Amino acid sequence: MSTSTSTYGYFIGIGSNIQPKTNFIKIIQQLVQLFGQIELSRILETEPVTIERDNKFVNAVSYIESNLDKDLLKQQLTQIETDLG
């Protein structure tokens with residue numbers, strides 16, 4: 001895996017309406033495991049818009065610092081999403 005010696009700051013939108021409270025906690029745990037300390041905005045619960053869903057969404061924004069470039073970071077985040085279904 002290619003990394004850089006520079007550290008980049010990233011804001012990451014987090015959200016789930018599939019087992020939202022359980023998956024949200026798992027997302028945060030995986031981010032901490034991958035990147036160490038993260039900063040997290042307040043957590044909002046929102047109604048679905050333009051889709052029919054029984055569950056509300058749980059949403060937040062996190063800030064991380066990483067030496068991964070944006071493409072490798074995207075791969076890591078996509079893997080988290082895939083793992084959680």
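Cut-offs applied
- Residues numbered from 1 in each chain as written.
- Predicted model: local features only at pLDDT ≥ 70, side-chain atom pairs only at ≥ 80, totals over all residues.
- Heavy atoms only, no water.
- Helix = DSSP H or I, 4+ residues; strand = E, 2+ residues; numbered from the N terminus.
- Expected span 1.5 Å × (residues − 1).
- Buried < 20%, exposed > 50% of the residue type's maximum accessible area, 1.4 Å probe, protein only.
- Arc of directions from axis to C-beta.
- Contact = heavy atoms within 4.5 Å.

A.B. asks: So what exactly am I meant to see when it comes to helix 1 (residues 20-35) here?
C.D. replies: Given 3.6 residues to a turn, an α-helix orients residues that are three or four positions apart in the same direction. For helix 1, which comprises 16 residues, the first-to-last C-alpha distance of 22 Å matches the rise-based estimate of 22 Å (1.5 Å per residue) to within 8%. Listed in full, the buried residues belonging to helix 1 are Pro 20, Asn 23, Phe 24, Ile 27, Ile 28, Leu 31 and Phe 35. Each buried residue of helix 1 sits inside an arc of 140° when the element is viewed along its axis, so together they form one side. Turned more than 90 degrees off the buried face of helix 1, the exposed positions are Lys 21, Gln 29 and Gln 33.

A.B. asks: Could you clarify how one ought to interpret the side chain of Ser 62 in this entry?
C.D. replies: Among the structural elements, Ser 62 can be located in strand 4 (residues 57-66). Leave out the neighbours within four places in its chain, and Ser 62 touches Tyr 10, Phe 11, Ile 12, Ile 14, Leu 31, Ile 38, Glu 39 and Leu 40.

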